[in-house]
Amino acid sequence: VGHLRFQHALQRGLGAGLGAARDREDALHAEASGLCREIMRCLLNAGGVAVPGDLPREGEQGAGRRGREVATLFGPVRVEGRSYYHNAAEGTGRFPFDDALGLVNGATPALASRAVEAALKEPYAAAARSFSRSYAVTMTQDMLMAYPRAAAAAADSFARDSAQREAGGPGRAAAACACVA
């Protein structure tokens, strides 16, 4: 089905003539993003895949299976039927699937790392506009600002956990390195 959609888009683009090169390329980019989004949807919703850590932690209770949206470079993808655990005492909840994928604020690592890279190159508002034009993602200045903050929080957590391991936590080896973006 995807191949036929792409073939149809290509024929529409070629029929537009050479003067419409930008429009044709933009249309093909949008169509390719749509096809990639569909592939991501199929991959993320594949059944029968064991999710590491899909058990309640201390203080958590299973709160059923829920759907949620994952932000990808190709646009939002709905993921259905993922376990959700709630800790009423701490007022927190988690999707083990998110942890297994390494999601950052609900975004794939690829999207988050490109967002951090964009934020390093331009002021946030300009970077958000450029990012939205380059990827099938609507990015605002506030959304873009959240990714470097999340990376910094992950680095702080890693450093804190490493210091605890090095201080002689039982049976824990010191980590060798950290990658945050």
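Worth saying up front: this structure is predicted, and the values here are computed from it rather than measured.

A. Spatial organisation of helix H6 (residues 141–166). Between its first and last C-alpha atoms H6 spans 38 Å; for 26 residues at 1.5 Å apiece the expected length is 38 Å, and the two agree. Among all positions in H6, only Leu-144, Met-145, Tyr-147, Ala-151, Ser-162 and Arg-165 are buried. At its buried positions, H6 is contacted by helix H4 (109–121) and helix H5 (124–134).

B. View of the sheet that holds strand E1 (residues 61–72). Taken in spatial order, the 3 strands of this open sheet run E1-E2-E3, and their pairing is antiparallel. Taken across any chain shown, the strands that pair with only one partner, and hence form the sheet edges, are E1 and strand E3 (92–94). Sheet twist, expressed as the average angle between the axes of neighbouring strands with direction ignored, equals 40 degrees. Direction of pairing for E1 relative to strand E2 (residues 75–87): antiparallel, over a ladder of 9 bridges. Within E2, the position partnered with Ala-71 by the bridge is Pro-76. In the packing of helix H2 (residues 21–44) onto the sheet, the strands contacted are E1 and E2, and the crossing angle to E2 comes to about 25 degrees.

Cut-off values and rules
- Residues numbered from 1 in each chain as written.
- Predicted model: local features only at pLDDT ≥ 70, side-chain atom pairs only at ≥ 80, totals over all residues.
- Heavy atoms only, no water.
- Helix = DSSP H or I, 4+ residues; strand = E, 2+ residues; numbered from the N terminus.
- Expected span 1.5 Å × (residues − 1).
- Buried < 20%, exposed > 50% of the residue type's maximum accessible area, 1.4 Å probe, protein only.
- Contact = heavy atoms within 4.5 Å.
- Pairing = 2+ DSSP bridges.
- Axes fitted to C-alpha atoms, helices over the stretch in contact; angles between N-to-C directions.

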